[in-house]
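Understanding the architecture of this molecule
Given next are the chains, with one letter for each unit.
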Amino acid sequence: MLSELFYGKRRKSQWKDKPVRACEALKKCDVAYILLPVVFIQLFLFYLEFNGGLQTGGFKKNLCSSQPCTQRIPTIIHQTYKTEDIPPNWESTPKAWKKHHPGWTYMFWTDERNRKLIQDHYEWFLPTYDGYPYGIQRSDAARYFILHKYGGVYADLDIQPLRSVSEILGDAELVLPQTPNLGLTNAFMASVNGSDFMAHIISILPEHANKWYQIVRHWHIMTSAGPTFLWSQYERWTGDKSRSLIVPAAFWGKCSICKSRCKDLETSPLHHLMGNSWFAVDSFIFNYILMCNPVPLAVGLLFLIDVYKTGRFNHWVYGARSSGENKKMVAPGGFLGFSFVTKWIAFFCFGAVLYYLKQRP
């Protein structure tokens, strides 16, 4: 009835013909054209990487670089792990922080201590905390509560100092670092105790524990309490950002997840070890394929589709055809007039170049 009201009466055959005509139009279109938006996405990601990421929250350089100032953030270092048995590749990290920060208090938090902090001081959050399906979510959430309660500097165990981090902190009351990929990260943070922003973060955590769009594990972790959650909340936070310091990735030395190796930067007081211990297969797909290398992925998939679509699959598998059948393999409306072989050699070379550029340290 609604269709008749808007479009008038049509014969059933007309409606049945629509999917057929759409499929015929799709067959005439070269699948290589689908690469164009993917290429634009890849180039946009390159732009973000080479321009220091998105300028969030009013970027400032070191607040104490040009004039004397007093550090407001408490001289406390926080790090956390499941137990006190730190993996061998990170076991030197606590010693490095103590060595380069004499006079600072070092606090190590296990899962047991994290839960006790929530139970003793933030009992209202305990149902949400215990309800997280993944341990990394509890670790992400706990670091916000630790900084709200005590203030100081939080750093993942895969981050080691080369010298004091005071030069990063300046006289800010909140320090959040950018990632070299997109947005902010919670791998390294600092704040005063009772920070208004940390109070905002912990108050809104329960609302984001389970959202409809948190379908896969990686995205659930990132958006419930992880870096993507932190970034989105800082952008939406309407509090006073005048005492906040957003540290660019190049300054604190964070390496892009798209690179197999990175050089330590002289400007950074931090050194990064191999991290991402919580990553699984979906994390690999999300980060290293969809985010880092969408063009090489699209080239590979579309090549297979084009092989099947143009009839070359059956030809290669079952042998040569008659001359009449071979002519059918040339799909009409080819990509900019190039032959099948020429266009795909060009696309594979283009994808290889992009992959090399993303891997270059």
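What this report covers is the structure whose coordinates are included nearby. If you're wondering where the values come from, they're calculated on a predicted model, not measured in any experiment. (Residues numbered from 1 in each chain as written. Predicted model: local features only at pLDDT ≥ 70, side-chain atom pairs only at ≥ 80, totals over all residues. Heavy atoms only, no water.)

Below, the discussion takes up the packing of aromatic side chains. Using the criterion set out here, one finds 12 aromatic pairs in the structure. Each ring, one from Y81 and one from W90, has its centre 6.2 Å from the other, and the planes form 85°; the classification is edge-to-face. One exposure class covers both Y81 and W90, and it is buried. Here a set of aromatic residues connected by ring pairs shows up, and it is made of Y122, W124, F125, Y129, Y132 and F145. If you follow R113 out to its NZ or CZ, it ends over the ring of W109, 4.3 Å from the centre. In this structure, R217 is placed above the aromatic ring of Y134, and the distance from its NZ or CZ to the ring centre is 5.3 Å. (Phe/Tyr/Trp six-rings, centres within 6.5 Å; stacked < 30°, edge-to-face > 60°. Buried < 20%, exposed > 50% of the residue type's maximum accessible area, 1.4 Å probe, protein only. Lys NZ or Arg CZ within 6 Å of the ring centre and 35° of its normal.)

All right, on to the environment of L184 then. With respect to the helices and strands, L184 occurs in the loop between β5 (174-177) and β6 (188-191). When the C-alpha atoms of L184 and F229 are compared, they prove to be 9.2 Å apart, with 45 residues separating the residues in sequence. (Helix = DSSP H or I, 4+ residues; strand = E, 2+ residues; numbered from the N terminus.)

On to helix α4 (residues 93-100), then. Of all the positions in α4, only T93, P94, A96 and W97 are classed as buried. The buried residues of α4 occupy an angular sector of 160° when projected down its axis, which confines them to one face. Residues of α4 that are exposed and point more than 90 degrees away from the buried face comprise K95 and K99. Buried positions along α4 lie against β1 (76-80), β2 (105-109), β3 (152-155), β4 (159-161), β6 and β8 (270-272). (Arc of directions from axis to C-beta. Contact = heavy atoms within 4.5 Å.)

Before going further, it helps to spend a moment on the packing of helix α5 (residues 111-121) against helix α7 (residues 135-150). The geometry of α5 relative to α7 is characterised by a closest axis approach of 10 Å and an angle of 55° between their N-to-C directions. With respect to α7, the element α5 is oriented oblique. With respect to the hand of their crossing, α5 and α7 are arranged in left-handed fashion. Of α7, the residues touching α5 (which contributes N114, L117, I118 and H121) are A142, F145, I146, K149 and Y150. A breakdown of the residues in the contact of α5 with α7 according to their chemical character gives six nonpolar, two polar and one charged. (Axes fitted to C-alpha atoms, helices over the stretch in contact; angles between N-to-C directions. Parallel < 35°, antiparallel > 145°, perpendicular 65-115°, else oblique. Left-handed = near helix turned anticlockwise from the far one by under 90°. Nonpolar A, V, L, I, M, F, W, Y, C, P; charged D, E, K, R; others polar.)

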